[in-house]
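# Structural overview for review
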Amino acid sequence: LDMISSCDLGKASEKEIMEKVESQLTELFVQVEQQMEQEKQKDQNKEVASQQNFLSTYKPLVEADFFKAKDGTYPYSTNRDLYIRLRKWQVAIRRQLERAAAPKQLESLSRALAESKGSQMEVPGQYMDIKEPMPDQHVKVERVLPDIALVDRNMACHRRISIRGNDGKLYHFLVEATGAAISSSDERFLQLCQFMNRCMEKEKQTRRRNMRLHIRPVVGLAPRCRLIADDPKSISLMEVLEDNLASRGHTPDGLALKFSEKAQMLAKTEKDPLMAAMNEVADILHDTVLLDYIRAQIPTNAHLWSFRKHLAVQYACQVLVSHALFAPSVTPSRLIISQTQGNIVLAGAAPSLSKDLTKMQDPNDLVPFRMTRMLTTLLSPVGLEGGFSAALGASALALSHPHRQLKHHLAAMLREELISSGAGVTPGKPGQMGSETGRQLLAKAFNCADQVMNRVTALSPATAVKNENVKGDEIPPPLNNKVIQLIMNAADPVKQIQMPCLWHPWA
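Residues numbered from 1 in each chain as written. Predicted model: local features only at pLDDT ≥ 70, side-chain atom pairs only at ≥ 80, totals over all residues. Heavy atoms only, no water.

Here we take up the overall build of the protein. Assigned secondary structure in the protein consists of 18 helices and ten strands. In terms of principal-axis extent, the alpha carbons of the protein reach across some 85 × 70 × 60 Å. By residue count, 42% of the 507 residues in the protein fall in the buried class. Sequence-distant contacts, at least 24 apart, represent 70% of the contacts inside the protein between residues at least 6 apart. By element, 52% of the accessible surface of the protein is carried by carbon and sulfur atoms, the whole surface being about 27000 Å². (Helix = DSSP H or I, 4+ residues; strand = E, 2+ residues; numbered from the N terminus. Buried < 20%, exposed > 50% of the residue type's maximum accessible area, 1.4 Å probe, protein only. Contact = heavy atoms within 4.5 Å. Areas by Shrake-Rupley, 256 points an atom, 1.4 Å probe, with all protein chains shown as cover.)

Here it is in structure tokens:
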């Protein structure tokens, strides 16, 4: 679903997308079969029966909906058909999960964790800072709480465990099963964000604004399993839309399909059918939905002002990193906001590389980042033109300082990304280089790092001062002129409505 959200629903499905959907579903069934074989060896008859029932019930139905037929054709032809089939299965699975959504007892899942009280095991995620670790001062696990909840987050469901530390605080983690390559990519991105925080601590303008990238610690447990720190008070923009529309009998996806159909219907009668369809959707979904939701969680106007100020600074930091790394603009399900603190996370943000793995690839989005009408209303005009734009320029100033050596850290991270993507590595021989030498691979990484640094430097006020060339009585442009242009492009409704409808430009 996340892959389809960036596609035009009216177009025919590409063969590459069809094959990717089929391969991912095939991998899912292979994993279930492997797990079933492991359970058989352990004599877990109950688990084996459950997995056999899953395969016998769902595998034929899924193959009929998504797999290639004997004549070489797929059962769907357009992105719209594929999306409707995926949504049908998502709704069906969600209903099954809602029936089992009651918290499970830890004893039934892991007796060892249930009995680990007052142990010397440390709470995960305490080695994230780039500092000398001090294990004597680390928080130890007092106990793991017995209730294990099921959380629907970012188009996936995970178990959430809660750990009480010996400092009396609760620490929440999502148990996420994922691919090894994705996990290592996220960990590299996390390390880069830690170094960026270190750069901001050394810059006066970012230090006085208390600017830091909010980082969720990621702790790997196994090649396909990891823990991600979670805030129970956080919510995605998609969840806000679902809650608001459910009371009126609508869904976000139904609204997106309605927008697409309405635009096609009005194409013959309206000069601007997209804007006309957008106005009809705006009558259903007001621009104050997100603000009203947040305001209901915050007790006073003073707290709301502090929330908006912190949110503007946090979002500016996240936007700069995602924009510099050529990451595509996030969908509502990947924009996660803390309802009480104002921290914000752009889930899944990762550098975009070209297909030939020689340079960074611009995602070709018409808007550089997400700044739709609900976000502008939440930030307020003062927060957008003041705190957000100033924080964006200040963070660019801190990261582009030549003494920070950010370029070398970027090159190291991008080199690992290139290797994990298959550049210069011979299949079956992970320790050897293929046709390309290590120097050529490093040259590619530095070329990509130069592209990233050019984007960061262009937004820095120091660059505007250096390039300032005013003659006579001319009024010089503001130092953050590039930042203002970037924000104007992102907040332009004409460009937003030309994005794919599943990007939800009205949210």
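Our focus in this paragraph is empty space enclosed by the protein. One pass over the full model with this rule turns up one cavity of 30 Å³ or more. Taken as a whole, the largest cavity spans an internal volume of roughly 40 Å³. For the largest cavity, the full set of lining residues is Tyr315, Ser322, Pro328, Ser329, Val330, Leu346, Phe369 and Arg370. (1 Å grid on protein atoms, 1.4 Å probe; cavity = no way out; pocket = protein on both sides within 12 Å on 5 of 7 lines; lining within 4 Å. Points joined across faces, edges and corners; volume = space filled by probe spheres on them.)

Right, let's get into the packing of aromatic side chains. Taken as a whole, this structure holds seven aromatic pairs when the rule is applied. With centroids separated by 6.5 Å and ring planes inclined at 45°, the aromatic side chains of Phe29 and Phe54 adopt a geometry described as tilted. Residue Phe29 is located in helix 1 (residues 15-41), and its partner Phe54 is located in helix 2 (residues 45-66); the two are separated by 25 residues in the primary sequence. The buried category is assigned to Phe29, whose relative accessible area is 3%. Three or more aromatic residues joined by ring pairs form one cluster here, namely Phe29, Phe54, Tyr58 and Trp89. Sitting above the plane of the Trp503 ring, Arg370 keeps its charged end 4.3 Å from the centroid. (Phe/Tyr/Trp six-rings, centres within 6.5 Å; stacked < 30°, edge-to-face > 60°. Lys NZ or Arg CZ within 6 Å of the ring centre and 35° of its normal.)

This part takes up the nonpolar core. One finds Phe66, Leu290, Tyr315, Phe369, Met371 and Phe388 to be the most contacted residues of the largest nonpolar core, which totals 110 residues. Excluding anything up to four places from it in sequence, Leu290 contacts Leu237, Val240, Ile337, Met374, Leu375 and Leu378. Counting residues in hydrophobic clusters, the runner-up holds 13 residues, among them Val123, Val139, Phe173 and Leu227. (Core = buried A, V, L, I, M, F, W, Y, C linked by side-chain atoms within 4.5 Å.)

Another aspect to go through is the packing of helix 11 (residues 289-297) against helix 13 (residues 373-399). The relative placement of two packed helices comes down to the angle between their axes together with the axis-to-axis distance. The geometry of helix 11 relative to helix 13 is characterised by a closest axis approach of 7 Å and an angle of 45° between their N-to-C directions. Taken together, helix 11 and helix 13 sit at an angle that is classed as oblique. Packed against helix 11, whose contacting residues are Val289, Leu290, Leu291 and Ile294, the element helix 13 presents Met374, Leu375, Thr377 and Leu378 at the interface. Along the lines of polarity and charge, the residues of the contact of helix 11 with helix 13 split into seven nonpolar, one polar and no charged. (Axes fitted to C-alpha atoms, helices over the stretch in contact; angles between N-to-C directions. Parallel < 35°, antiparallel > 145°, perpendicular 65-115°, else oblique. Nonpolar A, V, L, I, M, F, W, Y, C, P; charged D, E, K, R; others polar.)

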